[in-house]
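What the coordinates show
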Amino acid sequence: MINVSLPSGDIKQFEGSVNMFEIAKSISNSLAKKALAAKVDGQAVDMGYVLERDANVEIIVPETEDGVDVIRHSTAHLMAQAVIRLFPGTKVAIGPSIEYGFYYDFDPKEQFTETDLEKIEEEMRSIIKEDVQIERFEMSRDDAIRYFEDLGEEYKVEIIRDIAKGEMLSFYKQGDFVDLCRGPHVPSTRYLKAFKLRSVAGAYWRGSSDNKMLQRIYGFAFSSDKELKDHLKFLEEAEKRDHRKLGKELDLFFMSEYGPGFPFFLPKGMVIRNVLEDLWRKEHTKAGYQEVKTPIMLNKELWETSGHWYNYRENMYTSEIDETVFAIKPMNCPGGVLAYKHGMHSYKDLPIRMGELGLVHRHEFSGALHGLMRVRNFTQDDAHIFMTPEQIEEEIIGVIELIDKFYSGLFGFEYRIELSTKPEKAIGDAAIWDKAETALENAMKKLGKAYKINPGDGAFYGPKLDFKIKDCIGREWQCGTIQLDFNLPERFDISYIGEDNDKHRPVMVHRVIYGSIERFIGILIEHYAGAFPLWLAPTQVKILTINDDVIPYAKEVASILESEGVRVELDSRAEKIGYKIREANGKYKIPVQLIIGKSEVENREVNIRRFGSKDQTTQALSEFVTAIKEETRIKFDMDKLENK
Ligand SMILES: [Zn+2]
Ligand SMILES: [Zn+2]
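The rules behind each value
- Residues numbered from 1 in each chain as written.
- Chains lettered and ligands numbered in written order.
- Predicted model: local features only at pLDDT ≥ 70, side-chain atom pairs only at ≥ 80, totals over all residues.
- Heavy atoms only, no water.
- Helix = DSSP H or I, 4+ residues; strand = E, 2+ residues; numbered from the N terminus.
- Buried < 20%, exposed > 50% of the residue type's maximum accessible area, 1.4 Å probe, protein only.
- Contact = heavy atoms within 4.5 Å.
- Areas by Shrake-Rupley, 256 points an atom, 1.4 Å probe, with all protein chains shown as cover.
- Lys, Arg positive; Asp, Glu negative; His and termini not counted.
- Charge placed at Lys NZ, Arg CZ, Asp CG, Glu CD.
- Donors = N, O, S within 2.8 Å, 3.2 Å for Na, K, Ca; no water.
- Tetrahedral: all angles 85-135°; square planar, octahedral: opposite > 155°, others 65-115°.
- Core = buried A, V, L, I, M, F, W, Y, C linked by side-chain atoms within 4.5 Å.
- Pairing = 2+ DSSP bridges.
- Salt bridge = Lys/Arg side-chain N within 4 Å of Asp/Glu carboxyl O.
- Axes fitted to C-alpha atoms, helices over the stretch in contact; angles between N-to-C directions.
- Phe/Tyr/Trp six-rings, centres within 6.5 Å; stacked < 30°, edge-to-face > 60°.
- Lys NZ or Arg CZ within 6 Å of the ring centre and 35° of its normal.
- Parallel < 35°, antiparallel > 145°, perpendicular 65-115°, else oblique.
- Nonpolar A, V, L, I, M, F, W, Y, C, P; charged D, E, K, R; others polar.

1. Section: the overall build of the chain
In terms of regular secondary structure, the chain is built from 20 helices and 35 strands. Along the first, second and third principal axes, the C-alpha set of the chain runs to 90 × 80 × 60 Å. Going through the 644 residues of the chain one by one, you find that 52% of them count as buried. Taking the contacts inside the chain whose residues are at least 6 apart along the sequence as the reference set, 69% of them involve residues at least 24 apart. When the accessible surface of the chain is split by element, carbon and sulfur atoms take 48% of a total near 31300 Å². Mean positive and mean negative side-chain charge positions of the chain (88 and 107 charges, respectively) differ by 3 Å.

This is the structure:
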């Protein structure tokens, strides 16, 4: 008798050995029909696996993480089978499942083309129709080497040679395609349906440029057509919003071959930047921060003291001044500590909140660079807070409230918080870690915040909170962070004079709200798809003239708006009005467009058109000026704040 324990807690009994199909069937016919694989005591197996002992069994269905992984990996095999059929003599390397899909590396006689991808996809569909059985079998290592040598599959031979002698290896056979594989796989090809081949790219064998360049075909695979369709739609939407494309179209920023990873901001991009920075300054002053500016380059010795020279050296740029090595700062922290250390501090002065919009440089590989999202220099909206251990909780509450004010109140972003706690290797004694982690949790509890804990994921020098915002197509971006630091205060031996007239060690916090201003602008471009809200738009109002006679009045409107602080542009070119509207609305996505014709001049009115709307309304100029002044004012929507 075999006892099978199911996740539901039920126990099924079988007379003798039993395979996974039979177990699924004993639960329900519908389960047996869609089951892809199973787990026996946590170990993934195929549906054909025969159980001969008592065990915990879980049937894997398509709509689970395990299920979709089996589908993705099986679709990779399916693609390899199709490729072998269509292009005999192609050698196969490896084909894992990845996020959203799979890839397979091939060594074909000729490079694959886009048309080949279509053919391969078609062949995959016909193999699905044939309902080819997928069977597992075993071979010894040495037999397997001979087997693949006979087939001329040199990459498989190389993989197997790395495996210890005497081991039994598992293989999967579907039709005339055999792959070395741990499995599990779907029972037959008809279980696969929702996939799409995406692209083909070069990839070095085993990721090393000393090896041959293979051809990697990427594909998407999901457990249902709907999910595949949704994902393709999401990608299309993301592509439309790509900040690199929009940044060019909207004249916001550019990259030059003279500075890969070093963005140039154009006048319109600078407006956005300045609005964000001005607001940052204003709100931080209100929240009791002072601003400092620390140097870009500092003596190597400082970086040795801070530890960056030993832990972060490969990301740092260096130069020499008077035969002494200087490093360009990758972080503002050591400079911030020096600024604190410059004076004497009493407990009465704490907390000291020192903000800095600091330009940092970090080396990134050229292949990793991505528009404004991944650059080699960027501005952190940094601040370092120095405080007594007793002040941690209240300070953290203050920072969270400030972050909430920006994310919820200003941008209307939804966001999540993650708390990363003490890792195995950590400095600072247990008591201070406890105190800090408790303070972080208490702060969030007091604010009624939900948060996820990542145990052991904190930095070696302190626990942290990460803030992840969600953009309007559901992508998450990590921006804000609050990081406690027990390391730098020790390394730099900073102190304050306590009530007892003795020296004490302050607690240090690093925190950012935007994170990197450059990257945050990239996120905003994609979030708004280039159609910035009125308060942030580089040009808030554009005046479009219908003919040359109205230019004097149009100029007068522009100068009135300008004097009221509205960012206004005048388009008085001798172009057709339809063309001007298309450019202002379609290309530049300007929130408010004023169309000036004869009747507007005669009645001292403006004809108003809003971005994305075909409606036009007419208003007296004086009324419009009053209204737009109010509308362009930066407002925090206090109702949206999570903690009021
Ligand atoms: Zn496989
Ligand atoms: Zn810092």
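2. Details of the coordination of the zinc ion (ligand 1)
Of the protein atoms, only His73 (NE2), His77 (NE2), Cys181 (SG) and His185 (NE2) coordinate the zinc ion (ligand 1), at distances of 1.9 to 2.5 Å. Seen from the zinc ion (ligand 1), its four donor atoms lie at angles of 87 to 137 degrees, and the figure they make is irregular. One chain supplies every donor to the zinc ion (ligand 1), and in sequence these donors are spaced H-x3-H-x103-C-x3-H. Of this pair, His77 sits in helix 3 (residues 65-86) while Cys181 is found in the loop between strand 13 (177-180) and strand 14 (195-204), placing the two residues 104 residues apart along the sequence. Judged by relative accessible area, which is 1%, His77 ranks as buried.

3. As for the nonpolar core
With 64 residues, the main nonpolar core has Leu276, Ile396, Tyr407, Phe411, Leu465 and Phe532 as its most contacted residues. The biggest single contributor to this core is helix 13 (residues 392-411), with eleven residues. Ignoring any residue separated from it by four or fewer positions in sequence, one finds Ile396 in contact with Leu440, Ala443, Leu465, Ile482, Leu484 and Val509. In this structure, Ile60, Ile71, Ile127 and Tyr191 belong to the second largest nonpolar core, which totals 34 residues.

4. Here's the deal with the coordination of the zinc ion (ligand 2)
With distances of 2.0 to 2.3 Å, the protein atoms coordinating the zinc ion (ligand 2) are Cys333 (SG), His384 (NE2) and His510 (ND1). Linear spacing of the donor residues for the zinc ion (ligand 2) on their chain is C-x50-H-x125-H. Placement of Cys333 in helix 12 (residues 333-341) and of His510 in strand 30 (residues 507-516) is noted, with a sequence separation of 177 residues between them. Here Cys333 and His510 have matching classes, each one buried.

5. Brief notes about the pairing of strand 30
Across the ten residues that make up strand 30, a large majority, ten, are buried. The pairing of strand 23 (residues 377-387) with strand 30 spans seven bridges and is classified as antiparallel. Bridged to Ile385 within strand 30 is Val509. Note that strand 27 (residues 476-485) and strand 30 share five bridges and pair antiparallel. Each bridged residue has a counterpart across the sheet, and for Leu484 the counterpart in strand 30 is Val509.

6. Brief notes about the pattern of salt bridges
Taken as a whole and assessed by the stated rule, the structure comprises 55 salt bridges. Residue Arg216 pairs with Asp105 through a salt bridge whose shortest N-O separation is 2.7 Å. Residue Arg216 is found in strand 15 (residues 213-221), and its partner Asp105 is found in strand 10 (residues 101-107); the two are separated by 111 residues along the sequence. Accessibility assignment for this pair places Arg216 and Asp105 in one class, buried. Several salt bridges converge on common partners, so that one network encompasses Arg416, Glu418, Lys452, Lys468 and Glu476.

7. Some words on the environment of Glu393
On the secondary structure map, Glu393 appears in helix 13. A sequence separation of 47 residues divides Glu393 from Leu440, and the C-alpha atoms of the two residues are 6.3 Å apart. What Glu393 contacts, discounting residues up to four positions off in sequence, is Ala439, Asn442, Ala443 and Lys446.

8. Considerations on the sheet that holds strand 11 (residues 135-140)
Spatial strand order, 11-12-13: three strands in an open sheet with antiparallel pairing. With partners counted over all chains shown, the strands left at the sheet margins are strand 11 and strand 13, one partner each. For this sheet, the mean inter-axis angle between neighbouring strands, taken without regard to orientation, is 30 degrees. The strands touched by helix 3 within the sheet are strand 12 (168-174) and strand 13, with strand 13 carrying the most contacts at an inclination of about 135 degrees.

9. Considering the sheet that holds strand 1 (residues 2-5)
Spatially, five strands are ordered 2-1-7-4-5 in an open sheet, and the strand pairing comes out mixed. A strand with exactly one partner marks an edge of an open sheet, and here the two such strands are strand 2 (11-14) and strand 5 (43-46). In this sheet, neighbouring strand axes are inclined to one another by 35 degrees on average, regardless of whether the strands run parallel or antiparallel.

10. Observations concerning unusual backbone geometry
Of the consecutive residues Gly183 and Pro184, the connecting peptide bond is found in the cis state with omega at -5 degrees. With an omega of 0 degrees, the peptide bond between Leu350 and Pro351 qualifies as cis. Assignment of secondary structure puts Pro351 in the loop between helix 12 and strand 22 (352-361). For Lys589, which is not a glycine, the phi torsion comes out positive at approximately 50 degrees. As for its position among the elements, Lys589 is in the loop between helix 18 (577-587) and strand 33 (592-596). With a relative accessible area of 16%, Lys589 lands in the buried category. The residue Arg604 is not glycine, and still its phi comes out positive at about 50 degrees.

11. Details of the packing of aromatic side chains
Following the criterion strictly, the structure yields 24 aromatic pairs and no others. Each ring, one from Phe106 and one from Phe112, has its centre 5.9 Å from the other, and the planes form 85 degrees; the classification is edge-to-face. Summarising the burial analysis for this pair, Phe106 and Phe112 share the class buried. Members of the aromatic cluster, connected to one another through ring pairs, are Phe406, Phe411, Phe413, Tyr514, Phe520, Trp535 and Phe636. One cation-aromatic arrangement involves Arg198 over Tyr218; the distance from NZ or CZ to the ring centre is 4.8 Å. Across the ring face of Tyr103, the terminal group of Arg216 is positioned such that the distance to the ring centre comes to 3.8 Å.

12. Structural notes on the environment of Gly458
Tracing the backbone through its elements, the reader meets Gly458 in the loop between strand 25 (452-454) and strand 26 (464-470). It is 9.9 Å that separates the C-alpha atoms of Gly458 and Lys425, two residues lying 33 residues apart in sequence.

13. Some remarks on the side chain of Glu526
Note that Glu526 resides in helix 16 (residues 517-528). When near neighbours in sequence (up to four residues on either side) are disregarded, Glu526 contacts Arg241, Asp242, His243, Met373, Arg475 and Trp477.

14. A few points about the side chain of Arg72
Of note, Arg72 is situated in helix 3. For the buried residue Arg72, which engages in no salt bridge, the nearest side chain bearing the opposite charge is Asp69, 6.0 Å off. Beyond its immediate chain neighbours, meaning those up to four positions away, Arg72 contacts Ser97, Ile98, Tyr100, Gly101, Phe102, Ala221 and Phe222.

15. Focus on the packing of helix 3 against helix 4 (residues 114-130)
Contact geometry of helix 3 with helix 4 gives a least axis separation of 9 Å together with a crossing angle of 110 degrees. Judged by the inter-axis angle, helix 3 sits roughly perpendicular to helix 4. Within the contact between the two elements, helix 3 uses Thr75, Leu78, Met79, Gln81, Ala82, Val83, Arg85 and Leu86 and helix 4 uses Lys119, Ile120, Glu123, Met124, Ile127, Ile128 and Glu130. The residue inventory of the contact of helix 3 with helix 4, partitioned by class, reads nine nonpolar, two polar and four charged.

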